[in-house]
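# Architecture and fold: a report
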Amino acid sequence: MLAALLSHFTRRLMVAVPTMLALSIVVFIVLRLLPADPLGMMLPPNATNAEVDALRHTMGLDRSLLVQYGIWLGQVLQGDLGRSISSGVPVTQLIAHTLPATLELSFVALFLALLISVPGGLLLYVLHDRRGELVADAGLVLLISIPGFLWGIFLMLGFGVYWPVLPFSGRFSSDVVAAGPTGFVLVDFLVRGQLGNWLDALSHLILPATALALGFSPLIVRVLRASLLEVSHEQYVTVARLRGQPEWRVILRHMLRNAFLPTLTLIGVQFGFLFGGTLLIEMIFSFPGLGNMMVQAVRNHDLPLIQGISLVFCAVILLINASVDCLYAVIDPRLRTT
């Protein structure tokens, strides 16, 4: 079984290689067609034309796009994403410092979304053809229409300003020192036994993660409810009911696992949007993650940093989708040979 799952996972990763290559070409060409000049960040305002031409030659910007892309791709394959124009720090170092924060925020948001959506989907299924179904459907439509960044503003105003019970800026308090091997502060603080710091970091995650979860969970609720309605007419469900099993046991033991398969597919697809949605949420909550750094890179016309972050975003999303496909194969063994 393990060998089959590894083979399944490897095939999915191999399919992702052409996608990464195509994205790198698109990002590279589009950034160089923009009117912004990255050299303006590296030279003083009174720089001469000779100094501009010398720096352009040093950076290889005077060569054709094909040659520039070939040089850049060769460096990427060696693990070198270049240096940030605005700070001079290697792009890989900057990404390694901020990526754990964004991943931590995304996975906490996914966990909260599942805590909200699974009971919500079960509740809407139970209310099917009952008096409260219309009200529940109207509430779900309302929740779907509110984007994650708007939830972020609501939560910040409600629980950070008017009723200040949770912090809404940064990753942890200013008097907390985070130093650990993984970069995931919840893991590092827990491993080092620093419960106070762990609670402080968790409190900083609650509002931004909840904002992402509230924007993500209504779709899961809708798909899970539809899947439960679909499997409710299957023969094995009818047999379970004829045996006299309680309805809650039929739902939890027999229906939920099969109904969760389409939901799992949706989670894999939508998690990419959730991961990308951290950009606005990190800006709102001043969260020092990859999305926040991307905004700063765009403002500074920092081409190497923009290219590096774009590649990492794509790689993470493809890796997560491959992992979800593998998890799908665990739940449904028929897919392991496909």
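Residues numbered from 1 in each chain as written. Predicted model: local features only at pLDDT ≥ 70, side-chain atom pairs only at ≥ 80, totals over all residues. Heavy atoms only, no water.

A count of helices and strands for the protein chain gives 12 helices and zero strands. The order of helices and strands in the protein chain, counted from the N terminus, is α-α-α-α-α-α-α-α-α-α-α-α. Relative to its 338 residues, the protein chain shows a buried fraction of 40%. Only carbon and sulfur atoms are counted for the fraction: they give 69% of the accessible area of the protein chain, which is about 18100 Å². (Helix = DSSP H or I, 4+ residues; strand = E, 2+ residues; numbered from the N terminus. Buried < 20%, exposed > 50% of the residue type's maximum accessible area, 1.4 Å probe, protein only. Areas by Shrake-Rupley, 256 points an atom, 1.4 Å probe, with all protein chains shown as cover.)

Next up on the list: the packing of helix α6 (residues 148-162) against helix α8 (residues 195-231). Viewed as axis vectors pointing N to C, α6 and α8 meet at an angle of 140°, and their least axial separation amounts to 8 Å. By the criterion of interaxial angle, the relationship of α6 to α8 is oblique. Considering only the axes of α6 and α8, their crossing is right-handed. Mapping the contact onto sequence places G148, W151, G152, L155 and F159 in α6 and L207, T210, A211, L214 and G215 in α8. Taken together, the residues that form the contact of α6 with α8 break down as six nonpolar, four polar and no charged. (Axes fitted to C-alpha atoms, helices over the stretch in contact; angles between N-to-C directions. Parallel < 35°, antiparallel > 145°, perpendicular 65-115°, else oblique. Left-handed = near helix turned anticlockwise from the far one by under 90°. Contact = heavy atoms within 4.5 Å. Nonpolar A, V, L, I, M, F, W, Y, C, P; charged D, E, K, R; others polar.)

With 59 residues, the main nonpolar core has I95, L99, L290 and I309 as its most contacted residues. Top contributing element to this core by residue count: helix α4 (residues 91-126), with 11 residues. If near-sequence neighbours (up to four positions away) are discounted, L99 is found in contact with F275, L290, V312 and V316. If you look at the next biggest cluster of nonpolar residues, it comprises 12 residues, including V231, V237, V250 and M255. (Core = buried A, V, L, I, M, F, W, Y, C linked by side-chain atoms within 4.5 Å.)

As a further point, take the environment of C326. Its place among the elements puts C326 in helix α12 (residues 303-331). Its relative accessible area of 15% is what places C326 among the buried residues. Taking the C-alpha atoms as reference points, C326 and T10, separated by 316 residues in sequence, lie 9.6 Å from one another.

With 13 residues, helix α3 (residues 65-77) should reach 18 Å at 1.5 Å per residue; the first-to-last C-alpha distance of 18 Å fits that figure. Looking at α3, one finds that the buried residues are Q68, Y69, W72 and V76. Along α3, the residues classed as buried sweep out an arc of 95° about the axis, all on the same side. Residues of α3 that are exposed and point more than 90 degrees away from the buried face comprise L66 and L77. Phi turns positive, to about 85°, at G79, one or two residues after α3. (Expected span 1.5 Å × (residues − 1). Arc of directions from axis to C-beta.)

Two numbers describe how α6 lies on helix α10 (residues 247-284): the axes approach to 9 Å, and their chain directions differ by 20°. Our classification of the angle between α6 and α10 gives roughly parallel. The handedness of the crossing between α6 and α10 comes out as right-handed. In contact with G148, F149, G152, I153 and M156 of α6, α10 contributes L280, I281 and I284. Within the contact of α6 with α10, the residues separate by chemical class into six nonpolar, two polar and no charged.

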